[in-house]
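Residue-level listing of the chains:
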Amino acid sequence: MGHVMDSPIVIQLFRQLFRHPVCQSRRSLATTTTTTGTAFGAPLQQHGRGRRVCERQRQRHSQCKQQRRTMASRDITRGEGLSKKNNETNWQQRTEMFSLDMSEEYKKYPTVTANDLRSRRERPRKVKMLMRDFIEDSLYNPHYGYFSKQVVIFSPGEPFNFNQLPDEPAFYAQLGQRYTEFEDALDAKEHDDTRQLWHTPTEMFRPYYGESIARYLMSNYVISTYPYHDLIIYEMGAGRGTLMLNILDYIRDKEPAMYDRTKYKIIEISPSLAALQTSQMMSDAATRGHASKVEIINKSIFDWESRVPSRCFFLAMEVFDNFAHDIVRYDLTTEEPLQGTVLIDELGDFYEFYEPVLDPVAARSSRVLRSLKRNLPFSANLSEPEYIPTRLMQFFDILEKYFPAHRLLTSDFHTLPDAVKGLNSPVVQTRYQRRMVPVTTPLVHQGYFDILFPTDFRIMEAVYGAITGRLTRVVSHEDFMRSWAYVEDTQTQSGENPLLSWYKNASMMITV
Ligand SMILES: C[S@@+](CC[C@H](N)C(=O)[O-])C[C@H]1O[C@@H](n2cnc3c(N)ncnc32)[C@H](O)[C@@H]1O
């Protein structure tokens, strides 16, 4: 297997990403942790140095039934010949690292938050910030963040006619073809080697996926609220707006009286996706009719400030996975938790520090999670890093405060292939020349990489329950679809059913 630097694609990628020459010779002086003092007199631990060192190549095995939201089009043909075609590449960080004692800088540099950086056009230098602020800034900074790059969500065009497809591999092949056509059409308008292209079940299985959600909403509305209140649906993070259109079309066709009482509100952080949602709705006469029922609110849920006392359903499909996490490690002798901070030096290199003082948000989250603490695999003098869902906890605060009569329906990945090291750790990946490039740390050039976390549904239920006092049920994607989809719609001639067999790594949580 060739070294990473032998690969022309990586040389190009890293040239594009980084201004510094890659793989300078200052590598591998030490791999151990340096311990120094802090201003608080408590031990401060510095970990991992100059993360932007070169990476090593390894082969990746296909994860057929486990989905993530990007797929490499050249890897899409499943079934026969897959192993030959599966030449997607994975990158692993070098284990050799160089050591620099940055404790003086750590004391000197100011602490900033993702919020402080929102107005900054340049990536920050000579600062430090909590890991959750680093992740949030990398993803959401309006100028250089990953989402500012205008991620494209794949649309298959016409819905797939599953009943006419011989079997699942045939669906996979057709999906691959449409994926390539979709991207060829974009490249014809404007060629883009770094286009980030996602796919979601809403789009692949439209309109059937949305129709099953509609059936769930309608049944539960009839049982609990009808006819005393309207059917009010909030959707956070609506992508192309496809779920909204599929739900509204279905209610209008099946229950016109209920449709008259329906309102649909989208809360969407991305200006370009919010605009796309509007234009999709206005694009043809049938969907234009929904306009009087729909409101598209272009803001982050974390900026939400108005109280919605009405009973409502709150949908969040594949949104939590980008919510920033904090990182915690435990001192092996004292079992004390230490919270991770990222220092960025004057060259833009990253250094991780661990402090035995949890900020109030992480401390609260850690209290909620304490009863759930699992057996931690240990290494060196600190435990493995554990990522804790602090932003998700803050989202539940918002739900409880502003949507006191909501019922949540959320779908996300419970595991993700190729995650970085640690518990509940994210996948950090980018797409370059239609190939996926996963890396081994979130401490990479801000804005070029998607950082997405699996959701530990057991922890999420506990946190949601603690904050809202509500009970929930967790079901697999497959079980939800078996309950609410008309599964014959997505069945191929062989009897295989991609709506049920794909997304094996996704689950749903529902307020009961
Ligand atoms: C992976 S896409 C999923 C889109 C859609 N739900 C689907 O399943 O096709 C995530 C969506 O959440 C939005 N989003 C991410 N963070 C958000 C936030 N803090 N507030 C509102 N929307 C957010 C993104 O812009 C995008 O529309």
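- The protein is annotated in an unreviewed UniProt entry as Protein arginine methyltransferase NDUFAF7 of Xylaria multiplex.
- According to its UniProt record, the protein has this under Function (unreviewed entry): "Arginine methyltransferase involved in the assembly or stability of mitochondrial NADH:ubiquinone oxidoreductase complex (complex I)."
- Taken directly from UniProt, the Subcellular location (unreviewed entry) text for the protein runs: "Mitochondrion".

### Notes on the overall build of the protein
At step 1: Each helix and strand counted, the protein has 17 helices and 23 strands in total.
At step 2: Across the 512 residues that make up the protein, the buried fraction comes to 40%.
At step 3: Considering only contacts within the protein whose residues lie at least 6 apart along the sequence, 75% involve residues at least 24 apart.

### Some words on the confidence of the model for the protein
At step 1: Within the protein, residue pLDDT values average 82, and 78% of them lie at 70 or more.
At step 2: Low confidence marks residues 1-11, where pLDDT is under 50. Its contacts with residues over four positions away, or in another chain, come to 19 contacts.
At step 3: Scored below 50 in pLDDT, residues 13-43 makes 48 contacts in the model with residues more than four places away or belonging to other chains.

### Some words on unusual backbone geometry
At step 1: Cis geometry is found at the peptide bond from R206 to P207, where omega equals 0°.
At step 2: Residue P227 follows Y226 across a cis peptide bond; omega there is 0°.
At step 3: You can see P227 is positioned in the loop between helix 8 (208-224) and strand 8 (231-236).

### Digging into the sheet that holds strand 19 (residues 427-432)
Two orientations exist for strands paired in a sheet by backbone hydrogen bonds: parallel and antiparallel.
At step 1: Read across the open sheet, the 3 strands follow the order 20-19-21; overall the sheet is antiparallel. Each end of this open sheet is capped by a strand with a single partner; those strands are strand 20 (435-439) and strand 21 (450-452). The average undirected angle you get between the axes of adjacent strands in this sheet is 30°.
At step 2: Strand direction decides the pairing type here: strand 19 and strand 20, joined by 5 bridges, are antiparallel. When the bridges of strand 20 are listed, Y432 appears paired with R435.

### Quick look at the site of the ligand
At step 1: With respect to spatial proximity, 21 residues lie near the ligand, and among them T200, T202, G237, G239 and I269 are the closest.
At step 2: Considered class by class, the residues forming the shell around the ligand number 10 nonpolar, 7 polar and 4 charged.

### Structural notes on the packing of helix 8 against helix 9 (residues 242-254)
At step 1: Interaxial distance between helix 8 and helix 9 falls to 8 Å at its minimum, and their mutual angle equals 55°. By the angle between their directions, the pair helix 8 and helix 9 is classed as oblique. Here helix 8 runs over helix 9; the crossing is right-handed. Across from G210, E211, I213, A214, L217 and M218 in helix 8, the residues of helix 9 making contact are T242, L243, N246, I247, Y250 and I251.
At step 2: Partitioning the contact of helix 8 with helix 9 into residue classes produces 8 nonpolar, 3 polar and 1 charged.

### Quick notes on helix 16 (residues 477-484)
At step 1: Listed in full, the buried residues belonging to helix 16 are H477, F480 and M481. Along the long axis of helix 16, the arc covered by the buried residues comes to 95°, so they all point the same way.
At step 2: Residues of helix 16 that are buried in the fold lie against helix 8, strand 18 (406-413), strand 22 (472-476), helix 17 (498-501) and strand 23 (506-511).

### A short note on the nonpolar core
At step 1: Counting 109 residues, the largest nonpolar core has I233, M244, I247 and F314 as the members making the most contacts within it.
At step 2: In contact with I247, not counting residues within four places along its chain, are G210, I213, A214 and L217.

### Description of the sheet that holds strand 23
At step 1: Pairing within the open sheet is mixed, and its 7 strands lie in the order 10-9-8-11-18-23-22. Of all the strands in the sheet, the pair left with one neighbour each is strand 10 (294-297) and strand 22. Taken pair by pair, the neighbouring strands of this sheet meet at an average axis angle of 15°, ignoring direction.
At step 2: The strands touched by helix 9 are strand 8, strand 9 (262-267), strand 10 and strand 11 (312-317); relative to strand 9, the strand with the most contacts, the crossing angle is about 175°.

### Quick notes on helix 15 (residues 457-468)
At step 1: Between its first and last C-alpha atoms helix 15 spans 16 Å; for 12 residues at 1.5 Å apiece the expected length is 16 Å, and the two agree.
At step 2: Residues M460, V463 and Y464 constitute the buried set of helix 15. Seen along its axis, helix 15 keeps its buried residues to an arc of 95°; they face one direction.
At step 3: The first or second residue beyond helix 15 is G469, which carries a positive phi of 70°.

### Topic: the environment of Q491
At step 1: With respect to the helices and strands, the residue Q491 is situated in the loop between helix 16 and helix 17.
At step 2: Assessed through the 17 C-beta atoms surrounding it within 10 Å, Q491 is described here as partly exposed.
At step 3: Along the chain, Q491 and D167 lie 324 residues apart, while their C-alpha atoms are 8.5 Å from each other.
At step 4: Here Q491 is in contact with F162, N163 and N497, once residues within four sequence places are set aside.

What counts as what
- Residues numbered from 1 in each chain as written.
- Predicted model: local features only at pLDDT ≥ 70, side-chain atom pairs only at ≥ 80, totals over all residues.
- UniProt positions renumbered as here; feature names shortened; annotations may be inferred.
- Helix = DSSP H or I, 4+ residues; strand = E, 2+ residues; numbered from the N terminus.
- Buried ≥ 20, exposed ≤ 12 C-beta atoms within 10 Å, placed from the backbone.
- Contact = placed C-beta atoms within 7 Å.
- pLDDT = per-residue confidence, 0-100.
- Pairing = 2+ DSSP bridges.
- Axes fitted to C-alpha atoms, helices over the stretch in contact; angles between N-to-C directions.
- Near = placed C-beta within 6 Å.
- Nonpolar A, V, L, I, M, F, W, Y, C, P; charged D, E, K, R; others polar.
- Parallel < 35°, antiparallel > 145°, perpendicular 65-115°, else oblique.
- Left-handed = near helix turned anticlockwise from the far one by under 90°.
- Arc of directions from axis to C-beta.
- Core = buried A, V, L, I, M, F, W, Y, C linked by C-beta atoms within 7 Å.
- Expected span 1.5 Å × (residues − 1).

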